[in-house]
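Each chain is listed here by its residues.
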Amino acid sequence: MSSNGNGDRPDLADVTFDMWIKIDGIISEYKGKPGATIPVLRKCQDTVGYLPRPLIDYVARRMGMPRSEVYGVATFYALFTLQPKGRHCIKACEGTACYVRGIKEVVGRIKDKYKVGFGETTEDRRFSLESVRCLGACGLAPVVVVDSDTHGGMTPDKVTQVLEHYK
Ligand code: FES
């Protein structure tokens, strides 16, 4: 481990030099304090937008904590995301009404066409896909929400038409 914090920084395209300075500041502020893992990870995530795995390793090393412990926290809490978010967030409703009216086929098309699974982001960072339980719009089932737009009556063909509007 280097003493100035520069030598052991992993090479991460999403983390700029200024972000590293901020991250090192966060670590120095919390190092050795009890209950530091959550606030440190949260602030690192606020800085970068998500928690790349090599960054979690770096935080563990610099905090002098076991890697498994820091990973445990990062993967346990829904607040943390280890994947970059897409420019657009697709929420597919898997509640009962949407389920019986065919959300599974709609989701199947999204997964096939954009090569993305639940909790993942497409390689081009265009979409992130999430599963949710009842969006309170059961009358429109099956429902997909893209960013803050609700799209009801989805079919596999309709959903691809809708998503093509989100670049
Ligand atoms: S079950 Fe999908 S909106 Fe209610």
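What you are looking at is a predicted structure, and each value in this text was computed from that prediction instead of being measured.

Undergrad: Would you take a moment to explain the packing of helix α3 (residues 53-63) against helix α4 (residues 67-76) for this structure?
TA: Packed helices, taken two at a time, are described by the angle between their axes plus the distance between the axes. Packing of α3 against α4 leaves a shortest axis separation of 9 Å and a crossing angle of 130°. Classified by the angle their axes make, α3 and α4 are oblique. Here the hand of the crossing between α3 and α4 comes out right-handed. Contacts between α3 and α4 involve R53, I56, D57 and A60 on the former and, on the latter, R67, V70, Y71 and A74.

Undergrad: Got a minute to help me understand unusual backbone geometry in this structure?
TA: Backbone phi values are negative for most residues with the exception of glycine, while trans is the configuration of most peptide bonds. Of the consecutive residues A141 and P142, the connecting peptide bond is found in the cis state with omega at -5°. At K115, a residue that is not glycine, the phi angle is positive and equals roughly 55°. Its place among the elements puts K115 in the loop between α6 (103-114) and β2 (120-121). In this model, R125 sits at a positive phi of 65°, which is unusual for a non-glycine residue. Its place among the elements puts R125 in the loop between β2 and β3 (127-132). Judged by its relative accessible area of 32%, R125 is partly exposed.

Undergrad: Quick question: what am I supposed to make of the layout of surface pockets here?
TA: Any space left empty among the atoms is revealed by the rolling of a water-sized probe across them. In this structure, the largest pocket spans a volume of roughly 290 Å³. Lining the largest pocket are 13 residues, with T81, L82, Q83, K85 and G119 sitting closest to its centre. By residue number, the principal contributor to the lining of the largest pocket is β3, which donates three residues.

Undergrad: Looking at this structure, how should I read the domain arrangement of the chain?
TA: Bring the parts together and some accessible area is lost; that lost area is often taken as the interface size. According to the domain assignment, the chain consists of domain 1 (17-76) and domain 2 (88-163). Between the C-alpha centres of domain 1 and domain 2 the distance comes to 32 Å.

Undergrad: Help me understand the pattern of salt bridges in this model?
TA: Pairing of side chains with opposite charge becomes possible as their charged atoms draw close. The final tally for this structure, using the stated rule, is 10 salt bridges. The closest approach of N and O atoms between R42 and D46, which form a salt bridge, is 3.8 Å. Placement of both R42 and D46 in helix α2 (residues 37-48) is noted, with a separation of four residues, approximately one turn of the helix. Take D46: its relative accessible area is 55%, and that puts it in the exposed class. In this structure, K167 and E164 form a salt bridge, with 3.3 Å as the shortest nitrogen-oxygen distance. Overlapping salt bridges bring together R9, D24 and R62 as one network.

Undergrad: Which parts of the structure should I look at to understand the sheet that holds β3?
TA: Consider a sheet: its strands pair through backbone hydrogen bonds, and that pairing is either parallel or antiparallel. Ordered in space as β2-β3-β1-β4-β5, the five strands form an open sheet in which the pairing is mixed. At either margin of the open sheet sits one strand with a lone partner, and together these are β2 and β5 (149-151). Bridging between strand β4 (residues 144-146) and β5 involves three bridges; their strand directions are antiparallel. Bridging across to β5, V144 finds its partner in H151.

Calculation rules
- Residues numbered from 1 in each chain as written.
- Predicted model: local features only at pLDDT ≥ 70, side-chain atom pairs only at ≥ 80, totals over all residues.
- Heavy atoms only, no water.
- Axes fitted to C-alpha atoms, helices over the stretch in contact; angles between N-to-C directions.
- Helix = DSSP H or I, 4+ residues; strand = E, 2+ residues; numbered from the N terminus.
- Parallel < 35°, antiparallel > 145°, perpendicular 65-115°, else oblique.
- Left-handed = near helix turned anticlockwise from the far one by under 90°.
- Contact = heavy atoms within 4.5 Å.
- Buried < 20%, exposed > 50% of the residue type's maximum accessible area, 1.4 Å probe, protein only.
- 1 Å grid on protein atoms, 1.4 Å probe; cavity = no way out; pocket = protein on both sides within 12 Å on 5 of 7 lines; lining within 4 Å.
- Points joined across faces, edges and corners; volume = space filled by probe spheres on them.
- Domains from an automatic or database assignment.
- Salt bridge = Lys/Arg side-chain N within 4 Å of Asp/Glu carboxyl O.
- Pairing = 2+ DSSP bridges.

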